[in-house]
Amino acid sequence: MTLDTAPGPVLADTKSAIDAAARSIATSTGLTAITLRRVASISGLAPADIATREPSMGALAGRTFAELARAEYERISAELGAVDDDLRFLSLLIDAMMTTQHSLSKTIWADAWSVGRHNQFVAKAARDSMVLWQDFLVSRLTNGSGSGAYTVLDPELAAQQFFAMIDSTTAYALVDYLDDAARLRLVASTLESSLGLPFGTLCAQLA
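Computed from a predicted model, the values in this text were never measured in an experiment.

Under the criterion given, the structure shown has nine salt bridges. Measuring nitrogen to oxygen at the nearest pair gives 3.6 Å for the salt bridge that ties Glu-67 to Arg-23. On the criterion of sequence distance, the pair formed by Glu-67 in helix H4 (residues 57-81) and Arg-23 in helix H1 (residues 9-28) is long-range, its members being 44 residues apart. Accessibility expressed as a relative area gives 33% for Arg-23, which makes it partly exposed. The salt bridge involving Asp-86 is made with Arg-140; its shortest N-O contact spans 3.9 Å. Remark: Arg-140 occurs in helix H7 (residues 120-147) and Asp-86 occurs in helix H5 (residues 86-98); sequence separation between them is 54 residues.

Next up, the structure:
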């Protein structure tokens, strides 16, 4: 007979140290740098202890990205959730996705799209996070269309196009293709076209 017991403080502390080290590595160097040796170096834990608690570095990378992506989603959706004006909401969403203060999280996203080709855990985390974002924006686009702020025939497609533009301009930024203003204008004008808005409407909201 066995008894189910809660993890002891040592195991809990070990997991916290591993998670903190993985987040630090992911945001400073990238998801592929989450290795047993690197986690041990950052956390100060013995490799054997880490391997016992986290036998798969690929799974750890996936969980780390999932946690970072979820934190980003919760922060931005909470900040924008109270914005009632539909056009202002879209402008602030663009700003939140593209301003330099979010460049770190954007780098992690670009990393995830690449790493996910060979890491099923990261790939699943990226897909799951995109579902959250897609559902969030589809809901707001539907509401905005219903209120008469704009017209959208296919909210699902409009949201997919928006995030496709965010991802592509993120890649542009990583290699310094186009400046910040040009990338913002590209995203905003594409969304304006999807919603039947006059050119410059969303950028004017950010001025």
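The discussion continues.
What follows covers the environment of Leu-90. Along the chain, the position of Leu-90 falls in helix H5. Take Leu-90: its relative accessible area is 1%, and that puts it in the buried class. Residues Leu-90 and Cys-203, spaced 113 residues apart in sequence, show a C-alpha to C-alpha distance of 9.9 Å. Leaving out residues up to four positions away in the same chain, Leu-90 has contacts with Leu-137, Leu-141, Tyr-150, Leu-191, Leu-195 and Leu-202.

The first and last C-alpha atoms of H4 sit 35 Å apart over 25 residues, in line with the 36 Å expected at 1.5 Å per residue. Regarding H4, the residues found buried are Met-57, Leu-60, Ala-61, Gly-62, Thr-64, Phe-65, Ala-69, Glu-72, Tyr-73, Ile-76, Ser-77 and Leu-80.

One non-glycine residue with positive phi stands out, namely Asp-176, at about 60°. One can find Asp-176 in the loop between helix H8 (155-174) and helix H9 (180-195). Even without a glycine there, the phi angle at Leu-178 is positive, about 70°. You can see Leu-178 is positioned in the loop between H8 and H9. What makes Leu-178 partly exposed here is its relative accessible area of 34%.

Evaluated as defined, the whole model comprises nine aromatic pairs. Measuring from centroid to centroid gives 6.0 Å for Tyr-73 and Phe-136, while their planes differ by 85°, and the two rings are edge-to-face. Remark: Phe-136 occurs in helix H7 and Tyr-73 occurs in helix H4; sequence separation between them is 63 residues. As far as burial versus exposure is concerned, Tyr-73 and Phe-136 are alike and both buried. Measuring from ring centre to ring centre gives 5.5 Å for Trp-109 and Trp-113, while their planes differ by 40°; the resulting arrangement is tilted. Here Trp-109 pairs with Trp-113, and both are found in helix H6 (residues 103-115), just four residues apart, close to one helical turn. The class of Trp-109 is buried, set by a relative accessible area of 8%. Three or more aromatic residues link up through ring pairs in this structure, and these residues are Tyr-73, Phe-89, Trp-133, Phe-136, Phe-162 and Phe-163. The side chain of Arg-140 reaches across the aromatic face of Phe-89, ending 3.9 Å from its centre.

Cut-offs applied
- Residues numbered from 1 in each chain as written.
- Predicted model: local features only at pLDDT ≥ 70, side-chain atom pairs only at ≥ 80, totals over all residues.
- Heavy atoms only, no water.
- Salt bridge = Lys/Arg side-chain N within 4 Å of Asp/Glu carboxyl O.
- Helix = DSSP H or I, 4+ residues; strand = E, 2+ residues; numbered from the N terminus.
- Buried < 20%, exposed > 50% of the residue type's maximum accessible area, 1.4 Å probe, protein only.
- Contact = heavy atoms within 4.5 Å.
- Expected span 1.5 Å × (residues − 1).
- Phe/Tyr/Trp six-rings, centres within 6.5 Å; stacked < 30°, edge-to-face > 60°.
- Lys NZ or Arg CZ within 6 Å of the ring centre and 35° of its normal.

Distances and angles like these do not, on their own, reveal function.
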